Amino acid sequence: MSRIFCLILTMALLLFSVGAYAEVLFVPGTYEAEAKGFGGTVKVTVTVSESEITGVTIEGASETPALGGVAVETMGPAIQKAQTPNVDALSGATVTSKAIIAAATEALEKAGADIAYLDAHRQDAVEDVAKEEKVLETEIVIVGAGGAGMTAAIMAKQAGKDFVILEKMPYVGGNTTKATGGMNAAGTHYQKEQGIEDSVELFAKDTMEGGHNLNNPELVQTLAAQSAGAIDWLDTIGANLPKISFSGGASVNRIHAPADGSAVGNYLVDKFSEKLKEMGVEVMLNTAATELIMEDGRIAGVKAESKDANYTIKAKAVILATGGFGANLEMIAGFRPDLQGTVTTNAPGATGDGILMAQAVGADLVDIEQIQLHPTVEQTTSMLITESVRGDGAILVNQSGHRFTNELLTRDAVSAAELAQEGQYAYIIFDQHLRDNLGAIEKYVKNGLTVQGDTIEELARKLDIYPNFLTMTLKQWNEAVTSQNDEAFGRTTGMDNTLTTPPYYAIKIAPGIHHTMGGVKINTSAEVIDTNGSAIPGLFAAGEVTGGVHGGNRLGGNAVADIVIFGRIAAESAIEYCK
Ligand code: ADP
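Here goes a summary of the coordinates provided. (Residues numbered from 1 in each chain as written. Predicted model: local features only at pLDDT ≥ 70, side-chain atom pairs only at ≥ 80, totals over all residues. Heavy atoms only, no water.)

### Some thoughts on the sheet that holds strand 14 (residues 365-366)
The strand order across the open sheet built from three strands is 14-21-24, with neighbouring strands paired in mixed fashion. Strands with a single pairing partner mark the edges of an open sheet, and in this sheet they are strand 14 and strand 24 (546-547). As paired strands, strand 21 (residues 519-521) and strand 24 are joined by two bridges and run parallel to one another. Each residue of the ladder has a partner; that of Val-520, found in strand 24, is Thr-546. (Pairing = 2+ DSSP bridges. Helix = DSSP H or I, 4+ residues; strand = E, 2+ residues; numbered from the N terminus.)

### Some remarks on the packing of helix 5 (residues 147-158) against helix 19 (residues 558-578)
Put simply, helix 5 and helix 19 touch, their axes get as near as 8 Å, and they point 45 degrees apart. Our classification of the angle between helix 5 and helix 19 gives oblique. Classified by chirality, the crossing of helix 19 by helix 5 is right-handed. On helix 19, the residues that touch Gly-147, Ala-148, Thr-151, Ala-152, Met-155 and Ala-156 of helix 5 are Ile-563, Val-564, Gly-567, Arg-568, Ala-571, Glu-572 and Ile-575. Looking at the contact of helix 5 with helix 19, its residues break down into eight nonpolar, three polar and two charged. (Axes fitted to C-alpha atoms, helices over the stretch in contact; angles between N-to-C directions. Parallel < 35°, antiparallel > 145°, perpendicular 65-115°, else oblique. Left-handed = near helix turned anticlockwise from the far one by under 90°. Contact = heavy atoms within 4.5 Å. Nonpolar A, V, L, I, M, F, W, Y, C, P; charged D, E, K, R; others polar.)

### Considerations on the site of the ligand
Of all residues adjacent to the ligand, which total 25 residues, the nearest are Ala-148, Glu-167, Asn-175, Thr-176 and Glu-544. The backbone of Gly-147 places a nitrogen or oxygen atom 3.2 Å from an oxygen atom of the ligand. Gly-174 has a polar backbone atom sitting 3.4 Å from an oxygen atom of the ligand. The protein chains hide 98% of the 580 Å² of surface that the ligand would expose on its own. Listing elements by their share of the shell around the ligand, those giving two or more residues are helix 5 and strand 10 (288-295). Residues of the shell around the ligand, tallied by class, amount to nine nonpolar, 12 polar and four charged. (Near = heavy atom within 4 Å. Polar contact = N/O pair within 3.5 Å; in protein donor to acceptor, adjacent residues only side chain to side chain. Areas by Shrake-Rupley, 256 points an atom, 1.4 Å probe, with all protein chains shown as cover.)

### Here we look at the packing of helix 17 (residues 456-463) against helix 18 (residues 467-483)
Where helix 17 meets helix 18, the closest approach of the two axes is 8 Å, and the angle between their N-to-C directions is 130 degrees. One finds that helix 17 runs oblique with respect to helix 18. The chirality of how helix 17 crosses helix 18 is right-handed. Contacts between helix 17 and helix 18 pair Ile-456, Glu-457, Leu-459, Ala-460 and Arg-461 from the former with Pro-467, Leu-470, Thr-471 and Leu-474 from the latter. Of the residues that constitute the contact of helix 17 with helix 18, the class distribution is six nonpolar, one polar and two charged.

### Topic: the pairing of strand 5 (residues 140-143)
Residues of strand 5 alternate between two faces, with Ile-140 and Ile-142 on one and Val-141 and Val-143 on the opposite face, all of them buried. One crossover worth recording links strand 5 to the parallel strand 6 (residues 163-166) by way of helix 5, and it is right-handed. When strand 5 meets strand 13 (residues 317-320), the two strands line up parallel, connected through four bridges. From the neighbouring strand, Ile-140 faces strand 13, where its bridge partner is Ala-317. (Buried < 20%, exposed > 50% of the residue type's maximum accessible area, 1.4 Å probe, protein only. Right-handed = clockwise from strand over helix to strand, strands pointing away.)

### Here's the deal with the pattern of salt bridges
Summed over all chains, the structure comprises 18 salt bridges. Among the salt bridges present, the one from Arg-390 reaches Glu-387, with a minimum N-O distance of 3.5 Å. In this pair, Arg-390 and Glu-387 are both assigned in helix 13 (residues 387-391), three residues apart and thus about one turn of the helix distant. We classify Arg-390 as buried; its relative accessible area is 1%. Given the relative accessible area of 27%, Glu-387 is considered partly exposed. Bridged by salt links that share partners, the residues Arg-403, Glu-407, Asp-486 and Arg-491 form one connected network. (Salt bridge = Lys/Arg side-chain N within 4 Å of Asp/Glu carboxyl O.)

### Focus on the packing of aromatic side chains
Going through the model one piece at a time under the given rule, you end up with five aromatic pairs. Judged by centre distance (5.7 Å) and plane angle (65 degrees), the rings of Phe-325 and Phe-335 are edge-to-face. Of this pair, Phe-325 sits in the loop between strand 13 and helix 11 (329-335) while Phe-335 is found in helix 11, placing the two residues 10 residues apart along the sequence. What makes Phe-325 buried here is its relative accessible area of 0%. On the numbers, 5.4 Å between centres and 15 degrees between planes, the contact of Phe-430 with Tyr-505 is stacked. Of this pair, Phe-430 sits in strand 18 (residues 426-431) while Tyr-505 sits in strand 20 (residues 504-516), and the two are 75 residues apart along the sequence. In terms of burial, Phe-430 and Tyr-505 fall into one category: buried. Taking the ring centre of Tyr-425 as reference, the NZ or CZ of Lys-508 above it sits at 4.2 Å. (Phe/Tyr/Trp six-rings, centres within 6.5 Å; stacked < 30°, edge-to-face > 60°. Lys NZ or Arg CZ within 6 Å of the ring centre and 35° of its normal.)

### Some words on unusual backbone geometry
Pro-503 follows Pro-502 through a cis peptide bond whose omega is -5 degrees. Summarising the element assignment, Pro-503 is placed in the loop between helix 18 and strand 20. A positive phi angle, close to 60 degrees, is found at Gln-83, a residue other than glycine. Mapped onto the elements of the fold, Gln-83 is located in the loop between helix 2 (68-82) and helix 3 (94-110).

The values are spatial; any link to function lies outside them.
Put into structure tokens, the structure is as follows:
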């Protein structure tokens, strides 16, 4: 009997182990693969047992910290949880995400994996569980953790207020991370120390003229008058902007940047995040405000939701800092049918939520159809080719190889000139000397955006341009630089170097949606104004969600000024209101 029992047991064990062996998915070991990310190479290392992905590490030091860096941090655990490389891409960091998925796929294939099988047996499917209903109570809710929201949060914390800050994306920063130039400010201590004469009046005048005088003059006056103080405040939180240079539309050197000349957006977002962390403020990530709550004609809080909870957040005041709607292509087409199908340079969170929520409680909108195009956007990646490329001497040519505009006119004028060309695109042309002197170019080269030729003729042939035309255009341009006289288009800036050092480069570009100048109507205290002209009690707004500061065209350096200055004002007003 017992012998028979043993036999049965042995057979059962054998069957069980055969069953287990049927699940052999990998050759155990550690495997690596690489793929091209946003700023360079992304390397993925996977460790597998026979039946399981037991570890995933991702290295991608060159990815932008605010976006690609988040993908590098979060996608390893996601792949391990799902047990397949095909996890969701992080929105806003698609290039990095795709590189991670590609490298993880290759590494797992080296381990003998059948990726289709892994996909079919994906293990991170979430069950449809009912969301938890949560009620919170606080004094102020700040909606959006971009530049304006984080500025307001630092101010609120410094004033000892009880508040929460919501951010719908898995990372902070919004469109602010995209700001490259700097912050305009007049009469700052940095300007004085560097012998630059400027005034509030001149800053206001330049901003009004740049905005085609559509701007609200009172908001512009406030922006200019509070700009130097905002620079001082940034100093106090360790976000110094001492490097001053010239930016289009300014009468004097007024744009303030980090000391090392690095992009202002990422710099400020990092400094603001560090400060918030140091002060113990936690941003509620992945939590989107969906509705403003009104009681007796006053703001009484917001409704919000995350993946697993619905929130009712009761509060006395709400600050909308949700940014613009440049990533909401339906909304863009609604206000500007002519822009249907235009690519956008915007962060994915810029979907106009704050504008819609404010409108639902009676807010008025201003200049909503004023949308700024950026003239040099690579269309397949939506990557913005910084103005510095033209500022340092590049030219624009059309498909026939001819220049067609002064390349350094305002963004709207250059964009319009491009749209008037055959095919509605152009090529930005530069040489090796320019590449050597502008770090930003390396990113474009690494991402395969550039076409390169050892001679102008070779470059022309690669672009399908008649070589003699491009050669002639370059010859005339170089003569214009040498004589400092651009007879053809009257360009006077970005003419310090000829384009004569091979190899030569081109990037195909066209306009892309860049900034939505219009938005919620506010007064100089950042109170939101309703369609009857009265302030909505308890509702404040700052940054790209608002309209009126920039009018019909935003000058470079004024978006950052707007978020810091009006972010501070909104916080001060909300704090005062709560008293
Ligand atoms: P600004 O420059 O005006 O501060 P940004 O675009 O930098 O604008 O920041 C706006 C932030 O608001 C972004 O991070 C965006 O993801 C976030 N946001 C947009 N809509 C919502 C919403 N409904 N709830 C929470 N956060 C939001």
